[in-house]
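Results of the structural survey
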Amino acid sequence: MSDKKEKSERKERRERPDRKARAERRERPERKERPARGERRERAPRAVKLNVINEPKESYTGGKSSLCPGCGHDQISNVIISAAWENGIQPHRIAKMSGIGCSSKTPAYYLGQSHGFNTVHGRMPSVTTGAYAVNKDLLYIGVSGDGDSASIGIGQLIHAIRRNMDMVYIVENNGVYGLTKGQYSATADIGSKKKKGPINKTQPIDLCALAINLGCTFVARSFSGSKKQLNAILKAAMSHKGFALIDVISPCVTFNNNDESMRSYGYVRDNEITLHMADYIPHFNPIPEVEVPEGNFRDITLHDGSTIRLETISDTHDPSDAVAALTALHEAETMAKHVTGLLYFDSTKASLVEDLGLVDTPLIDIPDKELRPSEAMLNKINAAYLA
């Protein structure tokens, strides 16, 4: 009897309401039926973020990169996409220009809805000059490399700078010829050593110093690993009227990213001298109040009303002083370091279109009857020369 009683009590305890409730709570929810093979699962639509002209970022992207995985050039391409999208520039109002080299392959990877011209080696500036003369209202973004710009194309670059043509000229600078197995380029630093071969002993060409001496009106240097700084500088360059040169140190992961290289990710990260932290404020946004002590930042107004704000890190650097910019470059070179930031800016120099006295309407939009003189006018012009 005692055994039966014990069993009855145990059964009663097991069947108590609170125990049953807990058991029910522990029951797994019913599993949703999987869609049949071949059926597409419906997902909630993702919200698409638009810029100030109601364009999604996808409107500014391009094809898939075929560069080496980890190449610094791909990061620059991503920044170009972001900068153009954030500035609210219509993709079809941009012309992307390039020459020959790893850098000049990159226009295929961004701004797929924009105009483009891949020129022969070192000839991108002259082709851009011709396009600019007939259609000055486009934003010209030139992408070149240290070989394309500092060797075969240096003569073209020099005269484009002198003319102060309205364009953004980006040098993706890795110190080697990536397409021809990694020989040193004209910008390779003395004492730098790539993965294979001897140490470089040839004096490099500093494209930023060259540009400043030629009167370039916007000169900056950045690093492909400094996305925020590069983004602000590039957006400011897009708003600048005149020639804007941006020399971007972009490590070659295949031939020149070893510890002995002065253009490797690790070396640049550890030996970068940042003149200031840059921030870009577009003309369609109000300038925000900042909690920076007076005198520790400087606002530079750009041609379209936008502002680049420089939060001072170096107390001695003045972007309007060409000598100070050249001094900063020279001192960095003697210490085997890389100085980055907006080195020099001048808003007073006339651009090429102003020097040429071109009419407001781009030449490409002027009808033939206005461009071509009448027979009577042509005879009058010829008579003046023959008199």
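For the structure, see preceding data.
Figured I'd write up the structure that's included with this text.

Right, let's get into the side chain of N271. For N271, the location among the structural elements is in the loop between helix 10 (265-270) and strand 9 (272-274). Of the residues examined, N271 reaches a relative accessible area of 16% and is grouped as buried. When residues no more than four places from it in sequence are discounted, the contact partners of N271 are A336, K337 and H338.

Our next topic: the packing of aromatic side chains. With the rule as written, the count across this model stands at four aromatic pairs. Ring geometry for F223 versus Y265: centroids 6.0 Å apart, planes at 55°, classification tilted. Highlighted residues: F223 in strand 7 (residues 218-223) and Y265 in helix 10, separated in sequence by 42 residues. The partly exposed category is assigned to Y265, whose relative accessible area is 23%. Geometry around Y110 places K96 over its ring, the cationic atom sitting 5.6 Å from the centre.

Moving on: a nonpolar patch on the surface. A contiguous nonpolar surface patch, about 220 Å² in accessible area, is contributed by V52, I53 and F284. Inspection of the secondary structure assignment puts V52 in the loop between helix 2 (17-26) and helix 3 (72-86).

When you tally the buried positions in strand 8 (residues 243-249), you get seven out of seven residues, the bulk of the element. In strand 8, alternate side chains face the same way, and those of F243, L245, D247 and I249 on one face and A244, I246 and V248 on the other are all buried. Sheet topology places strand 4 (residues 167-173) next to strand 8; seven bridges connect them, and they run parallel. Looking at the pairing, V171 lines up with D247 of strand 8. Of the crossover connections in this fold, the one passing from strand 7 over helix 9 (residues 227-239) to the parallel strand 8 is right-handed.

Turning our eyes to something else, we now look at the sheet that holds strand 4. In spatial order, the strands read 2-1-3-4-8-7-13-9; together these eight strands make up an open sheet with mixed pairing. At either margin of the open sheet sits one strand with a lone partner, and together these are strand 2 (115-118) and strand 9. For this sheet, the mean inter-axis angle between neighbouring strands, taken without regard to orientation, is 20°. Looking at chain direction, strand 7 and strand 13 (residues 338-345) are connected through four bridges and run antiparallel. The residue bridging F218 from the neighbouring strand is F345, located in strand 13. Sheet contacts for helix 9: strand 3 (139-145), strand 4, strand 7, strand 8, strand 9 and strand 13; angle to strand 7, the most-contacted strand, approximately 155°.

With that settled, the discussion passes to the pattern of salt bridges. Enumeration according to the criterion identifies six salt bridges in this entry. In this structure, the salt-bridge partner of D137 is K136, at a minimum N-O distance of 3.3 Å. By relative accessible area, which is 39% here, D137 ends up partly exposed. Its salt-bridge partner being K241, residue D166 comes within 3.4 Å of it at the nearest N-O pair. Remark: K241 occurs in the loop between helix 9 and strand 8 and D166 occurs in the loop between helix 7 (154-163) and strand 4; sequence separation between them is 75 residues. Where salt bridges share partners, they join D206, R221 and D247 into one cluster.

Another aspect to go through is the environment of K195. Relative to the elements of secondary structure, K195 occurs in the loop between strand 6 (183-184) and helix 8 (207-213). Considering only alpha carbons, one finds K195 and D259, 64 residues apart in sequence, at a separation of 8.8 Å. Excluding residues within four positions of it along the chain, K195 makes contact with V253, T254, F255, N257 and N258. Reaching out from K195, the side chain makes a polar contact with the backbone oxygen of T254 at a distance of 3.2 Å.

Our next topic: the nonpolar core. Side chains that are nonpolar tend, in soluble globular proteins, to be buried together. Core analysis: the largest hydrophobic core is formed by 37 residues, its most contacted members being I170, F218, L234 and M238. If near-sequence neighbours (up to four positions away) are discounted, F218 is found in contact with I233, A236, A237, H240, F243, A244, L245, L342, Y344 and F345. Within the second largest apolar cluster, 33 residues are counted, among which are M97, A150, C208 and V353.

Looking along a regular strand, one sees the side chains alternate between the two faces of the sheet. Most of strand 13 is tucked away, with eight of its eight residues classed as buried. The pairing of strand 9 with strand 13 spans three bridges and is parallel. In the strand pairing of strand 13, E272 is matched with H338.

Conventions used here
Residues numbered from 1 in each chain as written. Predicted model: local features only at pLDDT ≥ 70, side-chain atom pairs only at ≥ 80, totals over all residues. Heavy atoms only, no water. Helix = DSSP H or I, 4+ residues; strand = E, 2+ residues; numbered from the N terminus. Buried < 20%, exposed > 50% of the residue type's maximum accessible area, 1.4 Å probe, protein only. Contact = heavy atoms within 4.5 Å. Phe/Tyr/Trp six-rings, centres within 6.5 Å; stacked < 30°, edge-to-face > 60°. Lys NZ or Arg CZ within 6 Å of the ring centre and 35° of its normal. Patch = residues over 30% accessible without salt bridge, like charges linked within 9 Å, V, L, I, M, F, W, Y side chains within 5 Å. Areas by Shrake-Rupley, 256 points an atom, 1.4 Å probe, with all protein chains shown as cover. Salt bridge = Lys/Arg side-chain N within 4 Å of Asp/Glu carboxyl O. Pairing = 2+ DSSP bridges. Right-handed = clockwise from strand over helix to strand, strands pointing away. Axes fitted to C-alpha atoms, helices over the stretch in contact; angles between N-to-C directions. Polar contact = N/O pair within 3.5 Å; in protein donor to acceptor, adjacent residues only side chain to side chain. Core = buried A, V, L, I, M, F, W, Y, C linked by side-chain atoms within 4.5 Å.

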